[in-house]
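Observations on the model geometry
Chain residues, written in single-letter form:
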Number of protein chains: 2
Amino acid sequence: MTYEKDGAEIYRQSFATIRAESSLDRFPGGLERVVVRMIHACGMVDLATDVAFSPGVYDAAYDALQAGAPIFCDAQMVASGITRKRLPKDNDVICTLPHVGPAGENTRSAMAVELWRDRLEGAVVAIGNAPTALFHLLDLVAAGGPRPAAVLGIPVGFIGAAESKEALISSDLEHLVVRGRRGGSAIVAAAVNALATVVEQ
Amino acid sequence: MTYEKDGAEIYRQSFATIRAESSLDRFPGGLERVVVRMIHACGMVDLATDVAFSPGVYDAAYDALQAGAPIFCDAQMVASGITRKRLPKDNDVICTLPHVGPAGENTRSAMAVELWRDRLEGAVVAIGNAPTALFHLLDLVAAGGPRPAAVLGIPVGFIGAAESKEALISSDLEHLVVRGRRGGSAIVAAAVNALATVVEQ
């Protein structure tokens, strides 16, 4: 079959298509590049419409990664999607979900967030699956717990996803969000990958 | 914050919402359950509109998994999203991408498919990332190579994704596809998880 076989050319054409078809004017500097990569991960140019962010989130996340901060992920798929060789300081990519037992008063995803406490201050958080992980993180911070440098809060689904993301927007944490039901591990991993280095490929 | 913390209840409500809001009548028996789970993975009920399939794909994939067939994945994120404890025969989940060198005449994703040959006959293929992997698989089969039992062909993106999926639909392979640009590792991993066991959670 005839198809484009040059990976660099596929990336170039993909990013050009995204920039031609989506509305990115409201995203400052580096964040435009992050949103392009999020769109690239899901194939939907209209995702840009649902992106919400705090003005300082790009610098906060970028600087934290450059300083070697760990990246906490709510799901193994998120951790798996982060390209290690893009990370500026061989940053730790941590998913604690395999270390929690059966669900109790909350979901396993929320219980896993409890295990982030020791290194959460100044860390980057990447949530791409469980609304309960994001809700629990917000409760933990509101109760005076450690504050991450930036929260990429992009859980997906029908029960609690939209609500947890609105709660994050209403918080005083630096945040990047896809409003509504859409989200997922590929989108949030793409955001981390774009924040990790300014190289597009 | 007040939110649903019971994982089983979150699943139940999620699947009920999906069934209330999406058009699933054209999906026979087991396939309806697969599509529900694909929608669950991406938060979009209209995904159902773009799903295409061969009539025998459910039985072909289900029977292959029950017989212990391996699952070949084009990306680590796909492999990472497959819930091992759902698999009926401790089936091997294989991603060969880490084993190929730098891209040459084709992408690394396509080169990785070459390494599937030995066990590809009768296997289940789950493609959630690279159109070039799907194109190369179709070329390999068309050239008389081993034939997988079923191909879940759900690559994502702007260059080649839609075209590779139309090529799969036109082939004589058992297939499940999301037409167009949408797709991704979470959706195809969800399809595998649904095919692996009839239990919904």
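You'll find the structure just up there.
Below is a short write-up of the structure. Since we're looking at a predicted model, the values are computed, not measured. The residue numbering used here restarts from 1 in each chain and proceeds along that chain's sequence as written. Here chains are named by letter from A upward and ligands by number from 1 upward, in the order in which they appear as written. pLDDT decides what is reported in this predicted model: residues at 70 or higher carry local features, side-chain atom pairs at 80 or more are listed and counted, and totals for whole chains, interfaces and linings draw on all residues regardless. Side-chain measures here rest on the full set of heavy atoms in the structure, leaving out hydrogens and waters.

**Quick notes on the overall build of chain A**
Helical segments are the DSSP runs of H or I of at least four residues, strand segments are the runs of E of at least two, and each set is numbered from the N terminus. Secondary structure assignment for chain A yields 9 helices and 6 strands. At 16 Å, chain A has a C-alpha radius of gyration in line with the 17 Å of a compact globule built from 201 residues. Counting only C-alpha atoms, chain A reaches 55 × 35 × 30 Å along its principal axes. Partly exposed residues are those whose accessible area sits between 20% and 50% of the maximum for their type, while under 20% is buried and over 50% is exposed, using a 1.4 Å probe and protein chains only. Counting only residues that meet the buried cut, chain A has 60% of its 201 residues in that class. Of the contacts made within chain A by residues no fewer than 6 positions apart, 64% connect residues no fewer than 24 positions apart. Surface exposure here means Shrake-Rupley accessible area, sampled with a 1.4 Å probe, where a residue is shielded only by the protein chains that are shown. Here chain A has roughly 7,800 Å² of accessible surface; of this, 50% comes from carbon and sulfur atoms. Placing the 18 positive and 23 negative side-chain charges of chain A at their respective mean positions leaves the two points 4 Å apart. Our radius of gyration is a C-alpha quantity, and the globule rule it is checked against amounts to 2.2 Å times the number of residues to the power 0.38. Should any heavy atoms of two residues lie within 4.5 Å, those residues are considered in contact. Only four residue types enter the tally: Lys and Arg on the positive side, Asp and Glu on the negative side; His and the chain ends are excluded. All charge positions are set by atom: Lys at NZ, Arg at CZ, Asp at CG, Glu at CD.

**Looking at the packing of helix α7 (residues 131-142) of chain A against helix α8 (residues 161-170) of chain A**
All names here are of chain A. Put simply, α7 and α8 touch, their axes get as near as 9 Å, and they point 30° apart. Considered as vectors, α7 and α8 are oriented roughly parallel to each other. For α7 against α8, the interelement crossing comes out left-handed. Contact with α7, carried on its side by Pro 131, Leu 134, Phe 135 and Leu 138, involves Ala 161, Glu 163, Ser 164, Lys 165, Ala 167 and Leu 168 of α8 and no other residues of that element. Note on definitions: angles span 0 to 180 degrees between N-to-C directions of axes, and those axes are lines fitted to C-alpha atoms, for helices only across the stretch in contact. Each angle gets one of four labels, with under 35 degrees taken as roughly parallel, over 145 as roughly antiparallel, 65 to 115 as roughly perpendicular, and the rest as oblique. Two helices crossing with the near one rotated counterclockwise from the far one by less than a right angle form a left-handed crossing, whereas a clockwise rotation gives a right-handed crossing.

**Observations concerning the nonpolar core**
Within the largest apolar cluster, 106 residues are counted, with the highest numbers of intra-cluster contacts made by A:Met38, A:Ile71, B:Met38 and B:Ile71. In contact with A:Met38, not counting residues within four places along its chain, are A:Leu47, A:Val51, A:Ile154, A:Leu176, A:Val178, A:Ile187, A:Ala190 and A:Ala191. Take the buried residues of types Ala, Val, Leu, Ile, Met, Phe, Trp, Tyr and Cys, join any two whose side-chain atoms come within 4.5 Å, and each joined set is a nonpolar core.

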